[in-house]
Amino acid sequence: MRNDISYSDSPSPASGPATQASVTARYSNSIMNTFGTPQRVLVRGEGCFVWDADGNRYLDLLAGIAVNALGHAHPTWTSAIAAQLGTLGHVSNFFATTPQVALAESLLRLAVAEEGGRVFFTNSGTESNEAAFKMARRTGRTRVLALEGGFHGRTMGALALTAKQAYREPFEPLPGGVEHLPFNDEDALVAAFEAAIAGEAEPIAAVMIEPVQGEAGVREVTRNYLLTAQRKCAEHGALFILDEVQTGIGRTGSWFNYLQRPGIKPDVVTLAKGLGAGFPLGAVIALNERAANLLQPGNHGTTFGGNPIAAVAALATLHTIERDHLLLNAERIGAHLRNRVNSANLPHVDIATGVGLLIAIRFTAPIAAEVQSTLLEAGFITNAVTPQAIRLAPPLILTTTQADTFVEAFSHVMSTLKVEDSE
Ligand SMILES: Cc1ncc(COP(=O)(O)O)c(C=O)c1O
């Protein structure tokens, strides 16, 4: 496709083509310093690979942090977006569009929502959680339980739900009423509900849980914990909310992670990331009538949410995942990759863990940043998610050969890495 817009080192016509060094320098002079120095300047992607401005190729095992479910420049996805752009690009939410309605219907079907379930579209994960938080307030109660280690986003409401002190502190006071419970501690959860039922504490509006905590290093909340939370919420009239922003849309090997947990059915699910597969889009699914009716006309809104381009991007994503059996692929390739790493007995590697293609490789020492940068030099994009773990969240189209290529490079990196022994 032709593109006549120049991104070179303008405005000087004498300046040369954009290189990593030149764009990085322009970046630091033009973009706020919230993300640190970029690791590379990326110019092109195809399938599971991306290329930098100096022509180097990388196997992308992070996929824009669990976003590019179909990899880069997938033909079904790009042609659907291009066709919609040439038909109807944007309308206000005073009007309906067919793609938006079709997407809502698909999500309700995939989530196995009850009659009366409804969807609200957003543009990001934090906005989806912000909307869910507002739904919780509309129960007439203000107390929300969330988990230590949970990450729900950076806007003020989502930040109030997020546990990490370093993210919260600079912005306090945050919206009140949120309490963070110890991870996977059913006794603490039951005690919080019992105090509310006994009238010794405020009634609980909602429990918000990330079923596999991605940013905390890929930690799975147990099925039993989820079952207890669900049962207690039902008994007490609280909303049971799952944040599937990172785990949803195939990442863990099913459309939603809760579908892999027999007996679990939340009232509300929040989505973003893989839903648009690279086109910004989020969604809040209310799975039953009660949850669906919490937000009434005037209670919430968005200019872009559910825009027809975003909606066709998501419809193309869902269609391709279904057509190409990518849920099965995520489950199989994820298990294959973890098994290969675990059976290699590599130095400094504790375990490769995770679900589907949301994977953490944990180390016995705080070497994740060094492993990440060494892998990058070798042509592999990964993420040092904690000091002692790298995270992989590759496209769902990752092949066995690509996974094997990574395992071989990773084995070489681990065998040659010089680690000051703190084990
Ligand atoms: C579980 C979870 N919730 C919410 C968010 C926030 O999403 P966004 O960055 O799109 O606002 C993230 C992002 O990493 C996430 O992993």
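Now for a quick tour of the structure. If you're wondering where the values come from, they're calculated on a predicted model, not measured in any experiment. (Residues numbered from 1 in each chain as written. Predicted model: local features only at pLDDT ≥ 70, side-chain atom pairs only at ≥ 80, totals over all residues. Heavy atoms only, no water.)

Summed over all chains, the structure comprises six aromatic pairs. Between phenylalanine 49 and tryptophan 51 the ring centres are 6.5 Å apart and the planes differ by 50°, which places this aromatic pair in the tilted class. Note on tryptophan 51: relative accessible area 17%, which makes it buried. The ring centre of tryptophan 51 lies 3.9 Å from the NZ or CZ of arginine 44, which sits over that ring. Taking NZ or CZ as reference, arginine 154 lies 3.9 Å from the ring centre of tyrosine 167, over its face. (Phe/Tyr/Trp six-rings, centres within 6.5 Å; stacked < 30°, edge-to-face > 60°. Buried < 20%, exposed > 50% of the residue type's maximum accessible area, 1.4 Å probe, protein only. Lys NZ or Arg CZ within 6 Å of the ring centre and 35° of its normal.)

According to the stated counting rule, one finds twelve salt bridges in the structure shown. For glutamate 220, the salt bridge is made with arginine 261, and the minimal N-O distance between the two is 3.6 Å. Of this pair, glutamate 220 sits in strand β9 (residues 219-220) while arginine 261 sits in the loop between β10 (239-243) and β11 (268-271), and the two are 41 residues apart along the sequence. The exposure class assigned to glutamate 220 is partly exposed, which follows from its relative accessible area of 41%. What you see here is one network of salt bridges that share partners, running through Arg40, Asp52 and Glu377. (Salt bridge = Lys/Arg side-chain N within 4 Å of Asp/Glu carboxyl O. Helix = DSSP H or I, 4+ residues; strand = E, 2+ residues; numbered from the N terminus.)

On to the nonpolar core. Judged by nonpolar contacts, the single largest core of 87 residues is most densely connected at Leu107, Ile209, Ile361, Phe363, Phe406, Phe410 and Met414. Among the elements that make up this core, the one with the highest residue count is helix α11 (residues 308-323) (eight residues). Excluding residues that lie within four positions of it along the chain, phenylalanine 406 makes contacts with Leu59, Leu61, Leu337, Ile361, Leu375, Phe380, Thr382 and Leu392. Counting residues in hydrophobic clusters, the runner-up holds 23 residues, among them Ala136, Leu159, Ala206 and Val284. (Core = buried A, V, L, I, M, F, W, Y, C linked by side-chain atoms within 4.5 Å. Contact = heavy atoms within 4.5 Å.)

Moving on: the site of the ligand. Taken together, 13 residues are adjacent to the ligand, and Gly125, Thr126, Asp243, Gln246 and Lys273 come closest. In the model, a nitrogen atom of the ligand is placed 3.3 Å from a nitrogen or oxygen of the phenylalanine 151 main chain. A total of 390 Å² of accessible area belongs to the ligand in isolation, and the protein chains cover 82% of it. In terms of residue count, helix α5 (residues 125-137) provides more of the shell around the ligand than any other element does, three residues in total. Residues of the shell around the ligand, tallied by class, amount to two nonpolar, seven polar and four charged. (Near = heavy atom within 4 Å. Polar contact = N/O pair within 3.5 Å; in protein donor to acceptor, adjacent residues only side chain to side chain. Areas by Shrake-Rupley, 256 points an atom, 1.4 Å probe, with all protein chains shown as cover. Nonpolar A, V, L, I, M, F, W, Y, C, P; charged D, E, K, R; others polar.)

Another aspect to go through is the sheet that holds strand β12 (residues 282-286). The strand order β4-β12-β11-β10-β7-β5-β6 describes an open sheet built from seven strands, whose pairing is mixed. Because the sheet does not close on itself, it has two edges, and the strands there are β4 (118-122) and β6 (178-181). The sheet shows a mean angle of 20° between the axes of neighbouring strands, taken without regard to direction. Sheet topology note: the β4/β12 ladder contains five bridges and is antiparallel. By the bridge assignment, threonine 122 is partnered in β12 with glycine 282. (Pairing = 2+ DSSP bridges. Axes fitted to C-alpha atoms, helices over the stretch in contact; angles between N-to-C directions.)

Considering only enclosed or pocket space, the second largest pocket measures out at about 480 Å³ in volume. Elements with a contribution of two residues or more to the lining of the second largest pocket: α4 (98-110) and β4. Across the lining of the second largest pocket, the residue classes tally to ten nonpolar, ten polar and one charged. (1 Å grid on protein atoms, 1.4 Å probe; cavity = no way out; pocket = protein on both sides within 12 Å on 5 of 7 lines; lining within 4 Å. Points joined across faces, edges and corners; volume = space filled by probe spheres on them.)

So, about the packing of helix α12 (residues 326-343) against helix α14 (residues 400-416). With their axes 10 Å apart at the nearest point, α12 and α14 run at an angle of 25° to one another. Of the possible angle classes, the one that applies to α12 and α14 is roughly parallel. The crossing of α12 and α14 is right-handed. Together, Ile333, His336, Leu337, Arg340 and Val341 of α12 and Thr400, Ala403, Asp404, Phe406, Val407, Glu408 and Phe410 of α14 make up the contact between the two elements. Across the contact of α12 with α14, the residue classes tally to seven nonpolar, two polar and three charged. (Parallel < 35°, antiparallel > 145°, perpendicular 65-115°, else oblique. Left-handed = near helix turned anticlockwise from the far one by under 90°.)

This part is about unusual backbone geometry. Here the amide bond leading from glutamate 172 into proline 173 is cis, since omega sits at 5°, within 30 degrees of zero. Position of proline 173 among the secondary structure elements: in the loop between α7 (165-168) and β6. You will see that isoleucine 249, though not glycine, has its phi angle at about 60°, which is positive. As for its position among the elements, isoleucine 249 is in the loop between β10 and β11. One non-glycine residue, alanine 277, adopts positive backbone phi at about 55°. Relative to the helices and strands, alanine 277 is located in the loop between β11 and β12.

Turning our eyes to something else, we now look at α4. A rise of 1.5 Å per residue sets the reference length of α4, with its 13 residues, at 18 Å; its end C-alpha atoms lie 18 Å apart and thus fit the reference within 8%. Where α4 is buried, its residues meet α3 (75-85), β4, β11, β12 and α11. Valine 112 sits one or two residues past α4 and shows a positive phi near 55°. (Expected span 1.5 Å × (residues − 1).)

Reading across the sheet, the four strands line up as β1-β2-β3-β15 and stay open at both edges, with mixed pairing between neighbours. Single-partner strands in this sheet number two, and they are β1 (42-46) and β15 (380-381). Bridge count between strand β2 (residues 49-52) and strand β3 (residues 57-60): three bridges; the pairing is antiparallel. The partner of valine 50 across the bridge, within β3, is tyrosine 58.

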